[in-house]
Amino acid sequence: MTSDHVWRQIEDLLASARGRVALIAPFIKKDVFRAALAAITAPDAEILCVTRWSVLEVAAGVSDPEIAELASQDGRVTILLCHDLHAKLYLADDRCLVGSANLTAKATGRRHPKNLELLIETSVSHPEVQRLLEQIDVDGIPATQELASQIREQAELLKQDEDRPALILATGDADQQQTPWRPETRSPNRLYRVYRGAKHDYVSEILAGVIRDLAHLDVPPGLDEQAFSKAVRVRLYEMPEVGQLVTEGRLSMADLQQQLLHADGCTTPQAQRAAENIGEWLKYFDEVHVVPTGPWEIRQGRALG
């Protein structure tokens, strides 16, 4: 068995294609994607590429959104993004390979040190293969060169930030421990503009905070503003400290600050700022209001009057 055995499996499969091709992997690097397209010699092949683009992962170098440029040049390729994709599947007509290998140099054995990977051939008609393809049809969103540029720009900004969050590659394991995320920017209205790559004049310190928040939020790319707001709202309510707002319809800012002090081991000023930021984000992304008199509270629903 050669060191690039996994790549030879993929290359042989793609070379046999006459019509339908699918390249499905969370991480795809540009050079290996180029080689995969070159292996597909059928001029009329319909090539579907399914992957995911996370700013944090792109900043870490495990995935290249620039494959969108290659897809455009080739003319046979459609790229879809599935943000929760973990499956690796390579399909040519009625054959496919399934297993662990991403479309990267280390995973395919095209570069050393290589990963220890596995690909097994099965039929496209296998029920689990069909289930995956059907779910992709439902969940996939089109990837464009414009979206690829937005992801790359945010990733480059993140790479320059010494305070950027550490990458924990998403494996689907719920027991991975991460530092609790707290909203950093005090103006949540800035988030969507940066997320969509809109023109802005934010100073570098403010922009860095927005990019860090977006990296922690890990919202799927390409959402409209309503869907983006919904995704952020879900992320906010995943914080245990905000749970009281759901169960009781109100949340004391003093209680929130104490919970943050206990959970984060931070200073009182840091806990106070974090609590205030959470309040601002809840006001912006959900129908809550702050009652500033007495024990300062966040309450569900719009303010009356």
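Each remark here, short or long, concerns the structure printed above.
So, here's what we can say about the structure. These numbers come from a predicted model, not from an experiment. (Residues numbered from 1 in each chain as written. Predicted model: local features only at pLDDT ≥ 70, side-chain atom pairs only at ≥ 80, totals over all residues. Heavy atoms only, no water.)

1. A look at the environment of valine 194
You can see valine 194 is positioned in helix H8 (residues 190-195). Taking the C-alpha atoms as reference points, valine 194 and leucine 207, 13 residues apart in sequence, are found 8.2 Å from one another. Once you skip the residues sitting within four places of it in the chain, valine 194 turns out to touch Gln154, His200, Tyr202, Leu207, Val210, Ile211 and Leu214. (Helix = DSSP H or I, 4+ residues; strand = E, 2+ residues; numbered from the N terminus. Contact = heavy atoms within 4.5 Å.)

2. Focus: the packing of aromatic side chains
Tallied over the full model, the rule gives seven aromatic pairs. A ring pair is formed by tryptophan 181 and tryptophan 281, whose centres lie 5.5 Å apart and whose planes are at 65 degrees; its orientation type is edge-to-face. Of this pair, tryptophan 181 sits in the loop between helix H7 (145-159) and H8 while tryptophan 281 sits in helix H13 (residues 268-285), and the two are 100 residues apart along the sequence. Tryptophan 281 matches tryptophan 181 in its accessibility class, with the two residues each being buried. When the centroid spacing of 4.9 Å and the interplanar angle of 85 degrees are considered together, the rings of tyrosine 284 and phenylalanine 285 count as edge-to-face. Residue tyrosine 284 is classed as partly exposed on the basis of its relative accessible area, which comes to 41%. A relative accessible area of 4% places phenylalanine 285 in the buried class. (Phe/Tyr/Trp six-rings, centres within 6.5 Å; stacked < 30°, edge-to-face > 60°. Buried < 20%, exposed > 50% of the residue type's maximum accessible area, 1.4 Å probe, protein only.)

3. Digging into the pairing of strand S1 (residues 20-24)
For S1, a buried count of four out of five residues is recorded, marking the element as mostly surrounded by other parts of the structure. Two elements, S1 and strand S2 (residues 46-51), share five bridges in a ladder whose sense is parallel. Bridge pairing in S2 places valine 21 opposite isoleucine 47. The parallel pair S1 and S2 is bridged by helix H2 (residues 30-39), and the resulting crossover is right-handed. Here S1 pairs with strand S4 (residues 88-92) via four bridges, running antiparallel. If you follow alanine 22 over to S4, its bridge partner there is leucine 91. (Pairing = 2+ DSSP bridges. Right-handed = clockwise from strand over helix to strand, strands pointing away.)

4. Looking at the pattern of salt bridges
One pass over the structure, following the stated rule, counts 19 salt bridges. Put simply, arginine 152 and aspartate 64 hold a salt bridge, and the shortest N to O gap is 3.7 Å. Of this pair, arginine 152 sits in helix H7 while aspartate 64 sits in the loop between helix H3 (55-59) and helix H4 (67-74), and the two are 88 residues apart along the sequence. Under the relative-accessibility criterion, arginine 152 is labelled buried at 19%. Residue aspartate 64 is classed as buried on the basis of its relative accessible area of 12%. Residues arginine 212 and glutamate 184 are paired through a salt bridge, measuring 2.3 Å at the closest nitrogen-oxygen approach. Here arginine 212, found in helix H9 (residues 204-217), pairs with glutamate 184, found in the loop between H7 and H8; they are 28 residues apart in sequence, far enough to count as distant. Note on arginine 212: relative accessible area 10%, which makes it buried. Judged by its relative accessible area of 32%, glutamate 184 is partly exposed. In the salt-bridge network here, residues are joined through shared partners; they are Lys29, Asp64, Glu66, Arg152, Glu156 and Lys159. (Salt bridge = Lys/Arg side-chain N within 4 Å of Asp/Glu carboxyl O.)

5. What about the packing of H7 against H9?
Across the interface, H7 lies against H9 with an axial gap of 10 Å and an inter-helix angle of 110 degrees. The orientation of H7 relative to H9 falls into the category roughly perpendicular. As H7 runs across H9, the sense of the crossing is left-handed. Judged by residue contacts, Gln154, Leu157 and Leu158 of H7 engage Leu207, Ile211, Arg212, Leu214 and Ala215 from H9. Looking at side-chain class alone, the contact of H7 with H9 contains six nonpolar, one polar and one charged residues. (Axes fitted to C-alpha atoms, helices over the stretch in contact; angles between N-to-C directions. Parallel < 35°, antiparallel > 145°, perpendicular 65-115°, else oblique. Left-handed = near helix turned anticlockwise from the far one by under 90°. Nonpolar A, V, L, I, M, F, W, Y, C, P; charged D, E, K, R; others polar.)

6. Quick look at the sheet that holds S1
The mixed open sheet is built from seven strands, whose spatial order is S6-S5-S4-S1-S2-S3-S7. Every interior strand has two partners, whereas the edge strands, strand S6 (119-123) and strand S7 (141-142), have only one. As paired strands, S2 and strand S3 (residues 77-81) are joined by five bridges and run parallel to one another. Bridging from a neighbouring strand, valine 50 pairs with leucine 80 of S3.

7. Brief notes about helix H10 (residues 225-237)
Along its 13 residues, H10 runs 18 Å from first to last C-alpha, staying within 8% of the 18 Å computed at 1.5 Å per residue. When we look at burial in H10, the residues that qualify are Phe228, Ser229, Val232 and Leu236. Taken down its axis, H10 places every buried residue within 95 degrees of arc, on the same side. Those residues of H10 that are exposed and aimed more than 90 degrees away from the buried face are Gln226 and Lys230. (Expected span 1.5 Å × (residues − 1). Arc of directions from axis to C-beta.)

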